[in-house]
Amino acid sequence: MPDSKIAMSVAAIALCLCAGLQAQTIYRIVGPDGKVTFTDKPPSSPEQGTVASLGVGAAATATNASLPFELRSVASKFPVTFYSTADCQPCGAGRGLLTARGIPFTEKTVSSPEDIAALQRLSGQTALPFLTIGGQKISGFSSEEWSQTLDAAGYPAVSQLPPSYRQAMPTPLVGLQRPTPTPEVRPASPTSPLPDSTSAGNPAGIKF
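These figures come from a predicted structure and were not determined experimentally.

## Topic: the confidence of the model for the chain
Point 1. Scored by pLDDT, the chain comes out at a mean of 75, with 53% of its residues at no less than 70.
Point 2. Scored below 50 in pLDDT, residues 51–59 shows 21 contacts in the model against residues more than four places distant or in partner chains.

## Considering helix α4 (residues 89–101)
Point 1. A rise of 1.5 Å per residue sets the reference length of α4, with its 13 residues, at 18 Å; its end C-alpha atoms lie 19 Å apart and thus fit the reference within 8%.
Point 2. Inspection of α4 places C91, G94, L97, L98 and R101 among the buried residues, and these make up the whole buried set. Mapping the buried residues of α4 onto a view down its axis gives an arc of 125°, with all of them on the same face. Opposite its buried face, α4 presents the exposed residues Q89, T99 and A100, each directed more than 90 degrees away.
Point 3. Lining the buried residues of α4 we find β4 (80–84), β5 (105–109), β6 (130–133) and α6 (143–153).
Point 4. Two residues or fewer past α4, G102 is found with a positive phi of approximately 75°.

## Points about unusual backbone geometry
Point 1. Here the amide bond leading from L128 into P129 is cis, since omega sits at 0°, within 30 degrees of zero.
Point 2. Note on placement: P129 falls in the loop between α5 (113–123) and β6.
Point 3. With a phi angle near 55°, D87 is a residue other than glycine that sits in the positive phi range.
Point 4. Relative to the assigned elements, D87 resides in the loop between β4 and α4.
Point 5. Among the residues examined, D87 registers a relative accessible area of 85% and is labelled exposed.

## Quick look at the nonpolar core
Point 1. Counting residues in hydrophobic clusters, the biggest one holds 21 residues, and the most contacted among them are V80, F82, L98, L131, I133, L150 and Y155.
Point 2. Breaking this core down by element, the ones donating at least two residues are α3 (69–77), β4, α4, β6 and α6.
Point 3. Of all hydrophobic cores here, the second largest spans eight residues; its members include Y83, V110, A118 and V174.

What counts and how
Residues numbered from 1 in each chain as written. Predicted model: local features only at pLDDT ≥ 70, side-chain atom pairs only at ≥ 80, totals over all residues. Heavy atoms only, no water. pLDDT = per-residue confidence, 0-100. Contact = heavy atoms within 4.5 Å. Helix = DSSP H or I, 4+ residues; strand = E, 2+ residues; numbered from the N terminus. Expected span 1.5 Å × (residues − 1). Buried < 20%, exposed > 50% of the residue type's maximum accessible area, 1.4 Å probe, protein only. Arc of directions from axis to C-beta. Core = buried A, V, L, I, M, F, W, Y, C linked by side-chain atoms within 4.5 Å.

Written out as structure tokens, the structure reads:
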């Protein structure tokens, strides 16, 4: 590809990134009917449901606190989230690229049916690996495309991670829900019948 076309492609990617300046947060919303949905927009009213948990964007802030200022600034504007699954060679290659370049990223694993359904809502498909850089979404691994998008976002070409930095452990895309235990219902103990108020000892029938 000529240099001019590459420059135009990078510029176009940069424009897409500018549309996603805010850190992407995925909301897990439970509707009034109990139906669970995943979206990047919080419910505007209680009638639309309640937020049960926050996803990728909210977890990155604390991890990025130890980064150098410039890298922290880029990571806060264009957070990187990497979606992977087990026994996936392209996922390993993508993780290796991010790690070698010193990109702080959040990794979400996709394994359960709930994970797959959530991924499909986010990306429109179930192909892995899946990468988000700010508002830019990339399905499948391409070292050239990933590198160009990271360049456009402003990530350094050489790692600037401090020696003390530790990559956060991968977590499932959808957290496991523990069922609420049903309280045990004990049968009521039988009660002794009240004495007859009209017995011989109480001819007037007075009740106490």
